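# Report on the structure
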Amino acid sequence: MYRFSVLLNRRFSKWCIAAICISLFVTCIHWMTLKPQRNLTPARKFAFMKNHKCGSSTIENIIFRYAHKHDLNVVLPESGNYLSKTALFDHRTLNNTKWRNLPFDIFSLHNRWNREEVMILLNEQVPTFTIVRDPVEVFVSMFHYQDKFREFYGVKDIHEMVEKIKTQPSLPVLNKRWLNYVGRNQMAWDMGLSPNIFDDEEAMKREIERLDREFDLVMMAHRMDESLVLLMDLLNWSVKDVIHLDLNRRKPDKSSPLNGRERDVLADWLAADVQIFRYFSRRFDERVAAINQKHSNFFDWIAQSGFYGQFGHVRQHAQLLKSANNELYDLCVLQEVGNEKLSGVFKETSNNIIGYVINEEHKGCSLFAMSEPAFLNIFQKRLLSKALKPT
């Protein structure tokens, strides 16, 4: 009996040692699969459709830093930060710029989307992507971003705005656009859809399916880290390319929470955008599942049991990105302040948002909080220098 017990203990020890070795091997291989594939060439030419109030400023900063690092040519108008406002984008609008004959790499400023014209300008078929957000949050964010937007509708706050929509839905002003390009169903407008079909569900369905064919990726603002993992996959970028600070966040005192009834009123009024958001929310889930499947292996199957943590390529990389973002924040951010307290390259156009006081002693930190106007000034000087350079 004693010899049997010793033999059993020895066998048990061997099994334990074997299990530990296998565990270490699986862990090493599993984490090796998290490394970016270095045999793929990172994309340096692409088009980003910048929707209003969808977290696009954060995405744009990522793109601008990439363009700045690799000396890429960003499509710029002669002045300002819009490539089109009321009409669909037309590449001929750049004919009056001094850099019209340069080869462009990146299309990323506000415009009304027109894929055919964008591809003509970039002179080839390139990856395309955009980002959407809960339409109620989009409208609320626009409402609080510029005080004049509220004044345009003749209301004192968002609650009065909702009441006006509910009790006077046929008021002409509700279907008008502030400055002729900001208003109801902003995502549909930005993506080039006609207001004539905003209340036509079938026509909207056809147009949304067309947009689905035109965009290689539609990201979700409320799932930003996962969205950026999908963007990494699309462009063959690494985590270091998409590390970021959250930009253009609204001040807490500029928010006034809506109740469920008010949100329902806005959602009904923003039906076209709701249709877009729901459709691409489903497509996003499908895309996440496809990416997880693409990168899955035997070790992911083991991880699915829960022994090695949360399962899925996208979630794992999203966690890595979140950790990297936290480290960036700790390194670079000294304080969060209102935009009115910022100056120079960090100051944006609206004082209703929060910005960052940056630790400029650390090289590179400034770029993560640099404003759009500051970046555009840099890119314009580069384009002019290249355009005027003697051949």
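As a reminder, the structure under discussion sits directly above these lines.
### Notes on the pattern of salt bridges
According to the stated counting rule, one finds 20 salt bridges in the structure shown. With a shortest N-O distance of 3.1 Å, lysine 50 and glutamate 60 are connected by a salt bridge. Of this pair, lysine 50 sits in the loop between strand E1 (46-49) and helix H2 (56-70) while glutamate 60 sits in helix H2, and the two are ten residues apart along the sequence. An identical accessibility class is assigned to lysine 50 and glutamate 60; each is buried. One network of salt bridges, with partners in common, ties together Lys50, Glu60 and Glu372.

### What to know about H2
Here H2 contains 15 residues, and its C-alpha end-to-end distance of 21 Å stays within 8% of the 21 Å for a straight helix at 1.5 Å per residue. For H2, a buried count of twelve out of 15 residues is recorded, marking the element as mostly surrounded by other parts of the structure. Of the residues making up H2, those classed as buried are Ser56, Thr58, Ile59, Glu60, Asn61, Ile62, Ile63, Phe64, Arg65, Tyr66, Ala67 and His70.

### What about the nonpolar core?
By size, the foremost hydrophobic cluster in this structure holds 116 residues, and its most contacted members are Phe107, Phe129, Phe139, Met161 and Leu266. Leaving out residues up to four positions away in the same chain, leucine 266 has contacts with Val136, Phe139, Val140, Val162, Ile165 and Leu258.

### So, the sheet that holds strand E2 (residues 106-107)
Strand order in the open sheet formed by four strands is E2-E1-E3-E4, and the pairing between neighbours is parallel. At either margin of the open sheet sits one strand with a lone partner, and together these are E2 and strand E4 (217-220). In this structure, E1 lies alongside strand E3 (residues 128-132), joined through three bridges in parallel fashion. Bridge pairing in E3 links methionine 49 to threonine 130. On the sheet, helix H12 (residues 271-294) packs against E3 and E4 and is oriented at approximately 105° with respect to E4.

### Focus: the side chain of arginine 177
Tracing the sequence through the fold places arginine 177 in the loop between helix H6 (158-167) and helix H7 (186-190). Not counting chain neighbours up to four residues away, the residues in contact with arginine 177 comprise Phe152, Val182, Gly183, Arg184, Asn185, Gln186, Trp189 and Phe198.

### Examining the environment of leucine 121
Inspection of the secondary structure assignment puts leucine 121 in helix H3 (residues 115-122). Remark: the alpha-carbon pair of leucine 121 and leucine 94, spanning 27 residues in sequence, is separated by 9.2 Å.

### Some points on helix H8 (residues 201-214)
Structural remark: α-helix, 3.6 residues per turn; residues separated by three or four positions point the same way. Its 14 residues give H8 an end-to-end C-alpha distance of 20 Å, which sits within 8% of 20 Å, the value for a rise of 1.5 Å per residue. Along H8, the residues classified as buried are Ala203, Met204, Ile208, Leu211, Asp212 and Glu214. Elements that come into contact with the buried residues of H8 comprise H3, E3 and H12. You can read the cap of H8 off the contacts: a side-chain oxygen lies 3.3 Å from the backbone nitrogen of glutamate 202, and it is on aspartate 200.

### With respect to the pairing of strand E7 (residues 353-358)
The element E7 is extensively covered by neighbouring structure, given that five of its six residues are classed as buried. Pairing between strand E5 (residues 249-250) and E7: two bridges, direction antiparallel. What sits directly across from arginine 250, in E7, is isoleucine 353. Direction of pairing for strand E6 (residues 333-338) relative to E7: antiparallel, over a ladder of five bridges. Pairing of valine 337 across the sheet is with glycine 355, part of E7.

### Quick word on the packing of H6 against helix H11 (residues 260-269)
Interhelical geometry of H6 versus H11 gives an angle of 55° and a closest axis separation of 10 Å. Judged by the inter-axis angle, H6 sits oblique to H11. Where H6 crosses over H11, the handedness of that crossing is left-handed. Contacts from His159, Met161, Val162, Glu163, Ile165 and Lys166 of H6 reach H11 at Arg261, Glu262, Val265, Leu266 and Trp269. Looking at the contact of H6 with H11 residue by residue, the class counts come to six nonpolar, one polar and four charged.

### A few points about the environment of phenylalanine 129
Tracing the backbone through its elements, the reader meets phenylalanine 129 in strand E3. On the basis of relative accessible area, phenylalanine 129 is assigned to the buried category, the value being 0%. Sequence spacing of phenylalanine 129 and alanine 47 is 82 residues, and the spatial spacing of their C-alpha atoms is 6.6 Å. Discounting chain neighbours no more than four positions away, the residues touching phenylalanine 129 are Phe46, Ala47, Phe48, Met49, Ile59, Ile63, Phe215, Leu217, Met219, Leu231, Leu234 and Leu235.

Parameters at a glance
- Residues numbered from 1 in each chain as written.
- Predicted model: local features only at pLDDT ≥ 70, side-chain atom pairs only at ≥ 80, totals over all residues.
- Heavy atoms only, no water.
- Salt bridge = Lys/Arg side-chain N within 4 Å of Asp/Glu carboxyl O.
- Helix = DSSP H or I, 4+ residues; strand = E, 2+ residues; numbered from the N terminus.
- Buried < 20%, exposed > 50% of the residue type's maximum accessible area, 1.4 Å probe, protein only.
- Expected span 1.5 Å × (residues − 1).
- Core = buried A, V, L, I, M, F, W, Y, C linked by side-chain atoms within 4.5 Å.
- Contact = heavy atoms within 4.5 Å.
- Pairing = 2+ DSSP bridges.
- Axes fitted to C-alpha atoms, helices over the stretch in contact; angles between N-to-C directions.
- Polar contact = N/O pair within 3.5 Å; in protein donor to acceptor, adjacent residues only side chain to side chain.
- Parallel < 35°, antiparallel > 145°, perpendicular 65-115°, else oblique.
- Left-handed = near helix turned anticlockwise from the far one by under 90°.
- Nonpolar A, V, L, I, M, F, W, Y, C, P; charged D, E, K, R; others polar.

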